[in-house]
Amino acid sequence: MASYNYSYIFKYIIIGDMGVGKSCLLHQFTEKKFLPDCPHTIGVEFGTRIIEVNGQKIKLQIWDTAGQERFRAVTRSYYRGAAGALMVYDVTRRSTYNHLSSWLTDARNLTNPNTTIFLIGNKSDLESQRDVTYEEAKKFADDNGLTFLEASAKTGANVEESFIETAKTIFQNIQNGSLDLNAAESGVQQKTQPAPAVDLGDKPAANSGCGC
Amino acid sequence: MSSSSPRPPPPSNGLSSSGSTSSTSSTASNSTTTTTTTSSSSTQAGGRPVSLTTLLGLFTHNNNASNSSSAQPQPTPPHQHEHSTSSANSVSSGSSDSASNGAAAATGHGDDNSAQGRSSGNAILSPASVQAKLGKVKRAFSTLVKRTDSPSTSPTGAAAAAGDTHTTGNSHSPVTILPNGTQITLAPRPGNLPVKDKAEEDRQRRQFEVILDNVKRKEDQENRRNEKKDKQVGDLITRWTTEVLPNWKHQMRTSRKAVEELVWHGIPPNVRGKVWLLAAGNDLHITPDLYHIFLTHARNKLRATNDEEGGWEVNEDATAAAAAATANGSGSAILHNSLSREQSVHLISLDVSRTFPHLCIFQKGGPYYDSLRSVLEAYVCYRPDVGYVQGMSFLASMLLLNVDVVDAFICLANLLNRPVHLGFYRMDTNVVSVFV
């Protein structure tokens, strides 16, 4: 299939408290389907999808982590080398929002400084049960320099956008040179096959990929 | 029962009255057909008749897929050469009129057919005009193959076909449903079309017979395979119940290898629970009372924290703090940790309905929701130093599928008491590092 041709691989991780819908978001993004009772994740799970950003085919390699506190020791080892981190909370449960700062600390400490962190308020379809306002979360995101969207894995609203916006940001970072592809843990791999229209400005060594 | 379901009365020839055994001539003919077929079916009485298995098997097999279609009366009487089988069916179901023997669906189906078989038998003896018409129709058979993959469309399709046969009068068109869901009907050509010539009709009938033969052969093969499998399972069960289970301890001491070998063949479902319980043992000497005590304790805990608004959010934070403390290797955190891990009892409700969701039994309102929740909650209070860890629910649910609630708790507690499980579930870095 033609879609197997891609120029980059971006590594993503999805983090957040248990039951906020991390796996559901991933499933919605990769399968375009909603799983009402998504089995809970033990350790990590994995999903991929190829998207197109600025005419470039990009393969997203998404690591979906277990949310329970006890698994943090395990999931922390997956932060390394992620180009994007999707931090998810549940708009109907304030406790999941309250824990964001601890997730953010982990994400900042364990990824490289150029990792794009995206905040997602999931379950936006459950308006009547809302516990966290959009404004409040937006302020949190702005204060911490995060991009923020409220999404719904159930209806699919903003799911696609969240993943693709993150990819766009990463791609921009590559193009303006702030994300060094040669860095060991950039989270981006470039396919060595010549991609016809790679416009990477004047970065000469951009195609050697990362060492891992 | 489908036998009592309203069968659309065949039109025009007054079959509804002659269908009852009041008309002498028709009963006479009926009895002759039945006697010829009883001889073949009586030898098979008791168990599943061999020659019928194919047909019955077909119907029972299809019972789930096209339940609606089989429940719907099939006003498509059997074709002549199928007549013997169908009326054999009618004998077996006719003897117990309510059609409440073993294969209810099969007999129900057969009953519909047989009813039609009888009525068509009657039709032959009906007034001459009808007979003439019937003769004409009988010459115009056509094979009709219909897919019934989607049960929603099949009943309408069947009904449409049925409607066809109705308008043309009473003709023979057995509906045979293949195991793959394909429905084969040898149906007559509609009356408004020219009559089919004899050669074509014969050819199509032969084709139909070939198809049926193939199906029967396949069915026989399948049956033989199943019988063999059943026998193997039967042997396994006998070995488990007579040799291993009665003297488990002795067996495990003297012939552990043999038991392990037996396990590798797959433990038959009906002894699985017993084997698991024995294999897991009860070194912890947990009693049903203990389970109930911990369950009550857990319920009280949940109620207490539910009463104070937002109480467990704080506790969750405490869990995080404790985990961080242990990660730093702080010894004083252990007590705090064990206390706060008990708070993970609140997390259980998030995961119960997400356990094997495709089975649809652990969801809220499902039959196993409460028991799974109870087992996990009791365990958290039984081992507050371990608490609830995501993944436990899969283990507990698997146990619940095979043993009752108390036994599942006993089994879970003993299983998780093994050093490896305990190490991993407590994220005991010393233990984990040995294995990773």
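An unreviewed UniProt entry annotates chain A as Ras-related protein Rab-14 of Capsaspora owczarzaki. Per UniProt, the comment on chain A under Sequence similarities (unreviewed entry) is "Belongs to the small GTPase superfamily. Rab family." UniProt, in its Catalytic activity (unreviewed entry) section for chain A, records the words "GTP + H2O = GDP + phosphate + H(+)".

Engineer: What should I look at first to understand the pairing of strand 4 (residues 84-90) of chain A in this one?
Structural biologist: Remark: a regular strand shows side chains that alternate across the two faces of the sheet. Residue and element names in this part refer to chain A. Among the seven residues in strand 4, seven count as buried, and that is most of the element. Side chains Gly-84, Leu-86, Val-88 and Asp-90 of strand 4 all project onto a buried face; the interleaved residues Ala-85, Met-87 and Tyr-89 project onto the opposite face, where all are buried too. As paired elements, strand 1 (residues 8-16) and strand 4 share five bridges and run parallel to each other. Counted as the bridge partner of Tyr-12 is Gly-84 from strand 4. The pairing of strand 4 with strand 5 (residues 116-122) spans seven bridges and is classified as parallel. Its bridge partner being in strand 5, Gly-84 is matched across the sheet by Thr-116.

Engineer: Sorry if this is basic, but what is going on with helix 4 (residues 100-110) of chain A here?
Structural biologist: For an α-helix the count is 3.6 residues per turn, leaving residues at separations of three or four pointing the same way. Residue and element names in this part refer to chain A. Every buried residue belonging to helix 4 is among Leu-100, Trp-103, Leu-104, Asp-106 and Ala-107, and all of these are buried. An end-on view of helix 4 places all buried positions within 160 degrees of arc, on one side of the element. Taken together, the buried residues of helix 4 touch strand 1, helix 2 (72-75), strand 4, helix 3 (94-98), strand 5 and helix 5 (134-143).

Engineer: So what exactly am I meant to see when it comes to the confidence of the model for chain A here?
Structural biologist: For any part of a model where pLDDT is low, the fine detail of the predicted coordinates should not be relied upon. In the predicted model, chain A carries a mean pLDDT of 88, and the fraction of residues at 70 or more is 88%. Confidence drops under a pLDDT of 50 for residues 204-212 of chain A, and excluding neighbours within four residues, the segment shows 16 contacts in the predicted structure.

Engineer: Whenever I open this one, the packing of helix 17 (residues 369-382) of chain B against helix 18 (residues 392-400) of chain B confuses me. Can you help?
Structural biologist: In a packed pair of helices, the relevant descriptors are the angle between the two axes and the axis-to-axis distance. Residues and elements named next belong to chain B. One way to put it is that helix 17 packs onto helix 18 with a least axis distance of 10 Å and a crossing angle of 125 degrees. Regarding the angle of helix 17 to helix 18, the classification is oblique. Seen along the crossing, helix 17 lies across helix 18 with a hand that is right-handed. Here helix 17 contributes Ser-371, Leu-372, Val-375, Leu-376 and Tyr-379 to the contact with helix 18, which in turn contributes Met-392, Ser-393, Ala-396, Ser-397 and Leu-400. Classifying every residue of the contact of helix 17 with helix 18 by side-chain character gives seven nonpolar, three polar and no charged.

Engineer: It is not clear to me how the nonpolar core should be interpreted in this structure. Could you clarify?
Structural biologist: Within soluble globular proteins, side chains that are nonpolar generally end up buried alongside one another. Counting 45 residues, the largest nonpolar core has Val-375, Leu-376, Tyr-379, Tyr-388, Met-392 and Phe-409 of chain B as its most contacted members. For this core, the secondary structure elements donating two or more residues are helix 13 (288-307), helix 16 (348-352), helix 17, helix 18, helix 19 (405-415) and helix 20 (419-425) of chain B. Among the elements that line this core, the one with the most residues is helix 17 of chain B, at nine residues. Counting residues in each nonpolar core, the second largest holds 32 residues, with Ile-14, Phe-29, Cys-38 and Ile-170 of chain A among its members.

Engineer: Would you take a moment to explain the state of the cysteines for this structure?
Structural biologist: What makes a disulfide is a covalent bond joining the sulfur atoms belonging to two cysteines. Residues and elements named next belong to chain A. Evaluation of the coordinates by the stated rule reveals zero disulfides over all chains. The structure places no disulfide on Cys-38, whose sulfur is separated from the nearest cysteine sulfur, that of Cys-24, by 4.2 Å. By relative accessible area, which is 9% here, Cys-38 ends up buried.

Engineer: How should the interface of chain A and chain B be read in this particular structure?
Structural biologist: How big an interface is tends to be stated in terms of the accessible area lost upon association of its parts. With 22 residues of chain A at the interface, the matching set in chain B holds 27 residues. Of the roughly 2000 Å² buried where chain A meets chain B, counting both sides, 58% is carbon and sulfur surface. There are zero salt bridges connecting chain A and chain B. There are six residue pairs in polar contact (both at pLDDT 80 or more) connecting chain A and chain B. Put simply, the parts of the chain that give the side of chain A that touches chain B at least two residues each are helix 2 and helix 3 of chain A. Considering every element that reaches the side of chain A that touches chain B, the biggest residue donor is helix 3 of chain A, with three residues. Tallied by class, the residues present in the side of chain A that touches chain B amount to eight nonpolar, eight polar and six charged.

Thresholds, definitions, all that
- Residues numbered from 1 in each chain as written.
- Chains lettered and ligands numbered in written order.
- Predicted model: local features only at pLDDT ≥ 70, side-chain atom pairs only at ≥ 80, totals over all residues.
- Heavy atoms only, no water.
- UniProt positions renumbered as here; feature names shortened; annotations may be inferred.
- Buried < 20%, exposed > 50% of the residue type's maximum accessible area, 1.4 Å probe, protein only.
- Helix = DSSP H or I, 4+ residues; strand = E, 2+ residues; numbered from the N terminus.
- Pairing = 2+ DSSP bridges.
- Arc of directions from axis to C-beta.
- Contact = heavy atoms within 4.5 Å.
- pLDDT = per-residue confidence, 0-100.
- Axes fitted to C-alpha atoms, helices over the stretch in contact; angles between N-to-C directions.
- Parallel < 35°, antiparallel > 145°, perpendicular 65-115°, else oblique.
- Left-handed = near helix turned anticlockwise from the far one by under 90°.
- Nonpolar A, V, L, I, M, F, W, Y, C, P; charged D, E, K, R; others polar.
- Core = buried A, V, L, I, M, F, W, Y, C linked by side-chain atoms within 4.5 Å.
- Disulfide = S-S within 2.5 Å.
- Buried area = accessible area lost by both parts, 1.4 Å probe.
- Salt bridge = Lys/Arg side-chain N within 4 Å of Asp/Glu carboxyl O.
- Polar contact = N/O pair within 3.5 Å; in protein donor to acceptor, adjacent residues only side chain to side chain.

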